[in-house]
Amino acid sequence: MTAGLTRELAVAARAAAHDPVRDCVCSAPVLADRPDGTVVRHGDLVVKAHACDTDRAGLYAQLAVAAHPSLNGILLPPLPAPRAALDGRPLTYWPHGTPVDPERPEHAPWEAAGELLARLHRTSVDVLPGPLPPMRGPVKAARALSRMREAGPHPAAAVIERAWAALPAWARAEAPLTHAGALCHGDLHLGQLVRHDGRWLLIDIDDLGVGDPAWDLARPAAWYAAGLLAPDEWTRFLGAYLAAGGPAVPADGDPWPALDVPAKALTVQTAALAVAKAVADNRVLDEVEELVVQSCDRIAALPAELT
């Protein structure tokens, strides 16, 4: 996003946060600035400019779900505001919440994440306003591959492409979802949790929709499989999910048959984004990125019937 548009978004945040007759000279820090979403904070208010190609009808349905009483205590509810856009990008307004501290991983709220996901997945879609769009997890994975291809050649790209080709069509967003019955977040990671009014809540509804709930467990599962998430943290997360009645995996027995394909897809997505960023920055992959690429190598080496 250009600096000018960021300033305009800051003005919108200030205008929404203050009485129009009141003079305001305070700043509005930028929390995120990406093509798919620019976020500006002003005091206790946050304004997000969504991507230009956002499905407006889908976004407004997602907002209605986030505001629905059934999601109270699960999703951060949006603030009521007239529909508005900035430079063709729809705006949404939110209360500010405290994010997870990346400098204190030992305090990461894995139990809260698991419980919130279970409650989200158990919410009946029949009582929600709609129609809800499909969960966009596979679409995000496909976009990551496109971004890698557009970035230019890289030595790791070939193995990532082979791992991508080993996934079923639904995981590559080339066919309808095979398990499309649950309300899903679509892009779960610790950055999607904030603490507000004394409790953890899920944020970021851009990928919210109906789909396979296993996809929401896929990123932690992929990190665990790659050795990037400690076994204790994975156990805490999955244990809290199961204790809260999460339906994505069996209550007893091996969870991996349900998690296998989504975890592989998130591994490939993560590797593709890492390569795209490395090419753009003209740098080599770091140690963590290399581990994810190595996971893609293992995925690509598996027989097709196991993927």
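Here goes a summary of the coordinates provided. Computed from a predicted model, the values in this text were never measured in an experiment.

Let us now look at the pattern of salt bridges. As enumerated under the stated definition, the model contains 13 salt bridges in all. A salt bridge links Glu111 to Arg236; the shortest N-O distance between them is 2.7 Å. Here the residue Glu111 occupies a position in helix α3 (residues 110-122), and Arg236 occupies one in helix α7 (residues 231-243), the gap between them amounting to 125 residues. The salt bridge involving Arg149 is made with Glu161; its shortest N-O contact spans 2.7 Å. Within this pair, whereas Arg149 is found in helix α4 (residues 137-151), its partner Glu161 is found in helix α5 (residues 157-165), the two being separated by 12 residues in sequence. Residue classification places Arg149 among the partly exposed residues on the basis of a relative accessible area of 45%. Accessibility expressed as a relative area gives 26% for Glu161, which makes it partly exposed.

On to the nonpolar core, then. Ranked by size, the top nonpolar core spans 81 residues in total, and within it Leu120, Ile160, Leu202, Leu217 and Val268 carry the most contacts. With 11 residues, helix α8 (residues 256-281) is the single largest residue contributor to this core. Apart from the residues within four sequence positions on either side, Leu120 is in contact with Leu71, Ile74, Leu75, Leu183, Cys184, His185, Leu202, Leu208 and Asp216. Ranked by size, the runner-up nonpolar core spans 6 residues in total, among them Ala49, Leu86, Leu91 and Tyr93.

Next up on the list: the packing of α4 against α5. Packed helix pairs are characterised by how far apart their axes lie and by the angle those axes make with each other. Where α4 contacts α5, the two axes come as close as 11 Å, and the packing angle between them is 155°. Between α4 and α5, the angle falls in the class roughly antiparallel. The handedness of the crossing between α4 and α5 is left-handed. Listed contacts from α5 to Ala141, Ala142, Leu145, Met148 and Arg149 of α4 are Ala157, Ile160, Glu161 and Trp164.

Attention now goes to unusual backbone geometry. Within the chain, Asp87 stands out as a residue other than glycine whose phi angle is a positive 55°. Despite not being glycine, Asp197 shows a phi value in the positive range, around 55°. Structurally, the position occupied by Asp197 is in the loop between β8 (193-196) and β9 (199-202).

A few words now on the sheet that holds β9. Sheet strands pair by backbone hydrogen bonding; their relative direction is either parallel or antiparallel. The strand order across the open sheet formed by 3 strands is β6-β8-β9, and the pairing between neighbours is antiparallel. Among the strands making up the open sheet, the edge pair consists of β6 (98-99) and β9. As paired elements, β6 and β8 share 2 bridges and run antiparallel to each other. Within β8, the position partnered with Thr98 by the bridge is Arg195. Against the sheet, α3 touches β8 and β9, its axis set at about 55° to β9.

Calculation notes
- Residues numbered from 1 in each chain as written.
- Predicted model: local features only at pLDDT ≥ 70, side-chain atom pairs only at ≥ 80, totals over all residues.
- Heavy atoms only, no water.
- Salt bridge = Lys/Arg side-chain N within 4 Å of Asp/Glu carboxyl O.
- Helix = DSSP H or I, 4+ residues; strand = E, 2+ residues; numbered from the N terminus.
- Buried < 20%, exposed > 50% of the residue type's maximum accessible area, 1.4 Å probe, protein only.
- Core = buried A, V, L, I, M, F, W, Y, C linked by side-chain atoms within 4.5 Å.
- Contact = heavy atoms within 4.5 Å.
- Axes fitted to C-alpha atoms, helices over the stretch in contact; angles between N-to-C directions.
- Parallel < 35°, antiparallel > 145°, perpendicular 65-115°, else oblique.
- Left-handed = near helix turned anticlockwise from the far one by under 90°.
- Pairing = 2+ DSSP bridges.

Treat this as a map of the structure, not an account of what it does.
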